[in-house]
Amino acid sequence: MRKLNWIAVALLIGLFTVVVHGASSTTKRSSTTRPSGRLFAPYSKMTSLSDDQKEQIEVIHRKVLAQEKEIEAKEKEDILALLSDDQKKEIHDIEDKTSSDRKAKASSK
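Everything in this summary refers to the structure shown in the same document. (Residues numbered from 1 in each chain as written. Predicted model: local features only at pLDDT ≥ 70, side-chain atom pairs only at ≥ 80, totals over all residues. Heavy atoms only, no water.)

### Focus on helix α2 (residues 51–82)
- The end-to-end C-alpha distance of α2, which contains 32 residues, comes to 47 Å, matching closely the 46 Å that a straight helix rising 1.5 Å per residue would cover.
- Glu55, Ile57, Glu58, Ile60, Val64, Ile71 and Ile79 are the residues of α2 that are buried. (Helix = DSSP H or I, 4+ residues; strand = E, 2+ residues; numbered from the N terminus. Expected span 1.5 Å × (residues − 1). Buried < 20%, exposed > 50% of the residue type's maximum accessible area, 1.4 Å probe, protein only.)

Below you can see the structure in the form of C-alpha cells.
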C-alpha cells in the first residue's frame, strides 16, 4: 500500500513538472475573459503578476488538478482489482459511513 502511495506521488510530481514546462503561452485569451478559478497561495498574495501570468497559473493548476483526479481514480481502480468481493463490500461500507458521518457533522454546525 505504501509503495502504491509513493508511486502515485512520483507520478504527480512528474506530471506537474511536465505541465509546468509544457504550458503553452501561444494560446491567448481576450483580456476580458478570465478562467473562473481563483489563484491559490502563494500566488494569490503576489501583487506583481500580470493578468496573463495569472491566467497561465490558473490553467496550469486546473490541468494538474484534473490529472491528480485521474491518478486517484486509477489508483482506486487498481487497488479494488486486488480486493476480494467481501473486501470490496467492506471498503464500500467504510466509505458510506465516512460520508454519512461527514454529512451529519456538517448539518450539526
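### A closer look at the pattern of salt bridges
- Tallied over the full model, the rule gives four salt bridges.
- With its nearest N and O atoms 3.1 Å apart, the salt bridge here joins Glu95 to Lys76. With a gap of 19 residues between them, Glu95 in helix α3 (residues 85–107) and Lys76 in helix α2 connect regions that are remote in the sequence.
- Across the pair Asp93 and Lys89 runs a salt bridge, and its minimum N-O distance is 3.0 Å. Residue Asp93 and its partner Lys89 are located together in helix α3, separated by four residues, close to a single helical turn.
- Assessed through its relative accessible area of 35%, Asp93 is described here as partly exposed. (Salt bridge = Lys/Arg side-chain N within 4 Å of Asp/Glu carboxyl O.)

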